[in-house]
Amino acid sequence: MEKTMTPSEESNWLITADGVESIQAVVCDLNGILRGKRVPVGQAEKVLKGGIRMPLSIVGVDVWGEDIVGSSHVFASGDMDGICAATGRGALPVSWTLKPSAVVPLWLFKENGEPFLADPRQALANIVRQYHELGLRPVVASEMEFYLIDAEPDHAQPPISPYTGKRLDSDAILSIDELDDFGQFFSDVYAECERQNVPADSAVAENGIGQFEINLMHSDDPLKAADDALFFKRIVKGIARKHGFAATFMAKPYGMRSGSGMHMHFSLIDADGNNVFDDGSAEGSDIMKHAVAGLTRGMAESTLLFAPHFNSYRRLRPDTHAPTSVSWGYENRTAAIRIPGGSNKARRIEHRVAGADANPYLVMAGILGAALVGIRNKWEPPAPVSGRAYLSQLPRIPSEWGSAVTAFENGSIVSEIFDADLRSMLIACKRQEIAGFAEQVTDFEFSAYLEIV
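To start, this report covers the structure provided alongside it. Because the structure is a prediction, the values reported are computed rather than measured.

What follows is about the packing of helix H6 (residues 222–242) against helix H8 (residues 360–377). Between H6 and H8, the least distance of the axes is 8 Å, while the angle of their chain directions is 145°. Read as a crossing pair, H6 and H8 show a hand that is right-handed. Counting all contacts with H6, which are made through Pro222, Leu223, Ala225, Ala226, Asp227, Ala229 and Leu230, the residues of H8 involved are Pro360, Tyr361, Met364 and Leu368.

Before going further, it helps to spend a moment on the side chain of glutamine 130. Positionally, glutamine 130 belongs in helix H3 (residues 120–133). In terms of polar contacts, glutamine 130 uses its side chain to reach the backbone carbonyl oxygen of asparagine 126, at 3.3 Å. Residues within four places of glutamine 130 in sequence aside, it is in contact with Leu372 and Arg376.

This part covers empty space enclosed by the protein. Take a probe with the size of a water molecule and roll it over the atoms, and the empty space left behind shows itself. For the coordinates displayed, the defined rule picks out six cavities of 30 Å³ or more. Lining the largest cavity are 14 residues; nearest its centre among them are Val27, Cys28, Pro105, Leu106 and Tyr361. Counting only elements with at least two residues in the lining of the largest cavity, the list comes to strand S1 (22–28), strand S6 (101–109) and H6. For the lining of the largest cavity, the per-class residue count stands at ten nonpolar, one polar and three charged.

On the surface, Trp64, Phe310 and Phe437 cluster together into a nonpolar patch covering about 310 Å² of accessible area. Residue position: phenylalanine 437 is located in helix H11 (residues 420–438).

A separate point is H3. The end-to-end C-alpha distance of H3 is 20 Å, a good match for the 20 Å that 14 residues give at a rise of 1.5 Å each. Among the 14 residues that make up H3, ten are buried, leaving the element largely enclosed by the rest of the structure. Among all positions in H3, only Pro120, Arg121, Gln122, Ala123, Leu124, Ala125, Ile127, Val128, Gln130 and Tyr131 are buried. Between a side-chain oxygen at the N-terminus of H3 and the backbone nitrogen of arginine 121 the separation is 2.8 Å; the capping residue is aspartate 119.

Calculation criteria
- Here, residues in each chain are numbered from 1, in the same order as that chain's written sequence.
- Local features in this predicted model are restricted to residues of pLDDT 70 or higher, and side-chain atom pairs are both shown and tallied only at a pLDDT of 80 or more, whereas totals for entire chains, interfaces and linings draw on every residue.
- Side-chain measures here rest on the full set of heavy atoms in the structure, leaving out hydrogens and waters.
- Lines are fitted to the C-alpha atoms to define the axes, a helix being fitted only along its stretch in contact, and any angle between axes, read from their N-to-C directions, falls within 0 to 180 degrees.
- Strands here mean DSSP runs of E at least two residues long; helices mean DSSP runs of H or I at least four residues long; both are numbered from the N terminus.
- The crossing is said to be left-handed when, going from far helix to near helix, the turn is anticlockwise and less than a right angle, and right-handed when the turn is clockwise.
- The contact definition used throughout considers only heavy atoms, calling two residues in contact when any of these lie within 4.5 Å.
- Pairs of N or O atoms within 3.5 Å make up the polar contacts considered here, provided that, within protein, one atom can donate a hydrogen while the other can accept it, and that residues adjacent in sequence are counted only when both atoms are side-chain atoms.
- The rule is simple: put a 1 Å grid over the protein atoms alone, call a set of points where a 1.4 Å probe fits but cannot get out a cavity, call an open set with protein on both sides within 12 Å along at least five of seven lines a pocket, and count a residue as lining if it has an atom within 4 Å of a point.
- Grid points are joined across faces, edges and corners, and a volume is the space filled by probe spheres set on the points.
- By the convention adopted, Pro, Cys, Tyr, Trp, Phe, Met, Ile, Leu, Val and Ala count as nonpolar, Lys, Arg, Asp and Glu as charged, and the other residues, Gly among them, as polar.
- For patches, a residue must show more than 30% relative accessible area and have no salt bridge; joins then use 9 Å for like charges and 5 Å for nonpolar side chains, namely Val, Leu, Ile, Met, Phe, Trp and Tyr.
- Where accessible areas are quoted, they stem from the Shrake-Rupley method and a 1.4 Å probe; at the residue level, only the protein chains shown are allowed to cover.
- One speaks of a salt bridge when a side-chain nitrogen belonging to Lys or Arg is within 4 Å of a carboxyl oxygen belonging to Asp or Glu.
- Helix span, expected: 1.5 Å multiplied by one less than the number of residues in the helix.
- Partly exposed describes any residue whose relative accessible area lies between the buried limit of under 20% and the exposed limit of over 50%, with all areas from a 1.4 Å probe on protein chains only and scaled to the type maximum.

Structure below.
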């Protein structure tokens, strides 16, 4: 299937492709979860030409898929529909379902044709447009960490090696043997990534039991880069099930082991293809430092985008390879923002706060948006940190879910980055989720207090 196909040609391909009998017409919600409809393959052209409608409120449901109680975007407004237009990604073939199918990614527009800016993909597109107006193009790449786990238990448990038949029982950072143990799984992941045009690069065994990382190659199209991250997560989970285990992008599936991050790298190029972060010096250009200043000033109020769930805050702890302070530094992995070494021509910013559980569109929009605010205002960053940023007397990243919601609600920088509808929907969504978790009594809590207090 060529990317240059017209909707009619693409729908004909779907109809005639071997075994494909249905398509999934999907939008991405604020939690990074795909929601939509299963449509007979004969209606493919209708989907590709924008003939599908869904409620605008669908992007704001909670992580369990429930409407937000009292939301003005539901009953108070009549729960109006939006127009679902194809993103241009085309139809993505899916091989792990019982019968071959295809996914068509969509994004939301209002009835009058305006982008619905509470759609996370539209929010990112809005930021990218502002860079283009300045004659700049963001170049973005992501590092995706995840755990393979046993598919059966209700709690995280390491998988059994298909090669040895034994359950994994130790951390094995950069272990080639562990990559070999799951070699067929990785072969299938790479094959599916190629089919879906997701540019998967190197794979490594990470610091936790059954934890791996696959890097996605850089792109000067942040929308595609975010699409790639979203569909990569779906590919990994689908292929894992096909092989009899499961994959999770939870930020912290094991309380005492390494968390999973989604580190984002970015630089900016001008109309001539020059990296504007490079001024020939080892420190980087003024525009890079302005971007860093925007990122540090906006970090606390943006944390909800990088750590959106209850479990996310288990990862943001000292000495866990995850940042805890609002900090930046050169070649310093304990800082929230790292300026990697290497060639000056490849000068870039690595943002290390986001967990693998975050929505790639919102993460990229939050990072690029805060950097843009810093660039426009020509802000100067604080001094870079050396050594262990965990020990420094620096402002802290919010370490608790509720405080992150409040910081986002009161943030002046995020109010410049995101539309009011997106902010209100995300805040309401997270407060409903917080209330849901507060009502649950865990087994550990029950056993600790039942006959003691």
